[in-house]
Amino acid sequence: MDHGGGIQFLEQQGINLFHVFDTKDVLDLIKPALSQIDFEKYPSAVLIGNAGSGLWHALQEYGMDSADPVDDFSIHLANQYSSQFLKTSNFILYPSSYPISLQKIGMRTGWAHTTPMGISIHPKFGTWFAYRALFLIQKKLEKSVPLSDQHPCESCVDKPCQPICPSGAVRDIGHFGLDECAQYRIQDGSRCSQQCLSRLRCPVGSEHRYVPKQMQYHYFRSQQTILRYYGSGS
Ligand code: B12
Ligand code: SF4
Ligand code: SF4
């Protein structure tokens, strides 16, 4: 189906990852978080994300004056795409407080694979991507065909992301130590307060690495969340 120019609009704003699901195909991951809605009304679910720095530059144009600029901009884009281009209503599942695992939903697109450092990897963009919005729409769109590219970590023989991690959190694929990482990040003198050394060492998609201000923004915010979860550290 034609998205009424909506995909081009999103691309211009730095949304370069886009996947349409039949809602029934992701219901097992969504429904436990919000059973009260009538899913029959929403036949399609759209997942959008950004890779690289395009969205960051578009955000500077849009404005960063709110408390949560990236999330607010992402909601704005999801709403514009739904109402202006598809002429339909949506129900935003993310950003929100619903406990829905974007990483698990992302795996079903075929472009996200599990790494030793937990964060998922894209065959082209490496780990330099994030999910920006997940929303249900009241229109049936043609579902996207999942990518079938090879998992980049399987052909990465040396796995340089492992030895560089100072907390020992980066082990085998699917066995990331989130607690060790988080505790290390908030220690005094941590080398990971504003960056992830393992992520920087991964060769896949390094040309799509975030620009310094973008990296600072995301690492600062996640560090604040870690401080709320794990206390103020030593
Ligand atoms: C809460 C949260 C965190 C918390 C986790 C605290 C905790 N133990 O609960 C903290 C602050 C630690 C965190 C950190 C990061 N996060 Co985070 N996080 C989330 C968030 C908002 C919710 C997770 C959740 O509760 N899911 C609901 C439950 C039902 O699903 P779940 O899969 O079982 O959830 C667990 C995992 O998601 C895990 N988790 C959360 N973040 C991360 C990151 C990694 C690398 C791993 C292994 C696990 C993990 O914690 C959850 C609870 O146990 C998700 C967005 C989302 N809605 O999925 C992003 C998300 C998972 N995080 C993401 C990212 C990028 C990061 C950071 C790299 C951010 C940064 N720049 O520092 C770091 C990674 C860790 C590191 N190396 O420092 C991305 C991952 C994208 C990708 N490519 O895979 C997500 C999907 C957000 C997004 N918009 O794309 N995060
Ligand atoms: S360095 Fe290799 S093993 Fe580590 S995340 Fe990158 S591709 Fe995967
Ligand atoms: S942020 Fe630092 S401690 Fe955490 S995984 Fe990356 S390199 Fe390891």
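Because the structure is a prediction, the values reported are computed rather than measured.

1. Structural notes on the side chain of Ser120
Its place among the elements puts Ser120 in the loop between helix 5 (102-107) and strand 4 (129-137). Residue classification places Ser120 among the buried residues on the basis of a relative accessible area of 3%. Those residues in contact with Ser120 that lie beyond four places of it in its chain are Gln103, Met107, Ala112, His113, Thr115, Gly126, Thr127 and Phe129.

2. Observations concerning the site of ligand 2
Contacts to ligand 2 come from Thr115, Met117, Ile121, Cys153, Cys156, Lys159, Pro160, Cys161, Cys202, Pro203 and Val204. Structurally, ligand 2 is housed in the largest cavity. For the shell around ligand 2, the class distribution of residues is 9 nonpolar, 1 polar and 1 charged. Both domain 1 (6-137) and domain 2 (152-230) contribute no fewer than three residues apiece to the shell around ligand 2.

3. Examining the site of ligand 1
Taken together, 25 residues sit near ligand 1, with Ser101, Ser120, Tyr131, Arg185 and Ser222 positioned nearest. Here Phe129 contributes a backbone N or O atom positioned 3.4 Å from a nitrogen atom of ligand 1. At 2.3 Å from an oxygen atom of ligand 1 is found a side-chain nitrogen or oxygen belonging to Arg185. The set of elements that each furnish at least two residues to the shell around ligand 1 consists of helix 5, strand 4, helix 7 (178-185) and helix 9 (212-230). For the shell around ligand 1, the element with the highest residue contribution is helix 9, accounting for 6 residues. Of the residues assigned to the shell around ligand 1, the class counts are 15 nonpolar, 7 polar and 3 charged. Two domains each provide a minimum of three residues to the shell around ligand 1, namely domain 1 (6-137) and domain 2 (152-230).

Parameters at a glance
Residues numbered from 1 in each chain as written. Chains lettered and ligands numbered in written order. Predicted model: local features only at pLDDT ≥ 70, side-chain atom pairs only at ≥ 80, totals over all residues. Heavy atoms only, no water. Helix = DSSP H or I, 4+ residues; strand = E, 2+ residues; numbered from the N terminus. Buried < 20%, exposed > 50% of the residue type's maximum accessible area, 1.4 Å probe, protein only. Contact = heavy atoms within 4.5 Å. Near = heavy atom within 4 Å. 1 Å grid on protein atoms, 1.4 Å probe; cavity = no way out; pocket = protein on both sides within 12 Å on 5 of 7 lines; lining within 4 Å. Sits in = over half its atoms within 2 Å of the grid points. Nonpolar A, V, L, I, M, F, W, Y, C, P; charged D, E, K, R; others polar. Domains from an automatic or database assignment. Polar contact = N/O pair within 3.5 Å; in protein donor to acceptor, adjacent residues only side chain to side chain.

Any functional reading would require information beyond the geometric quantities listed.
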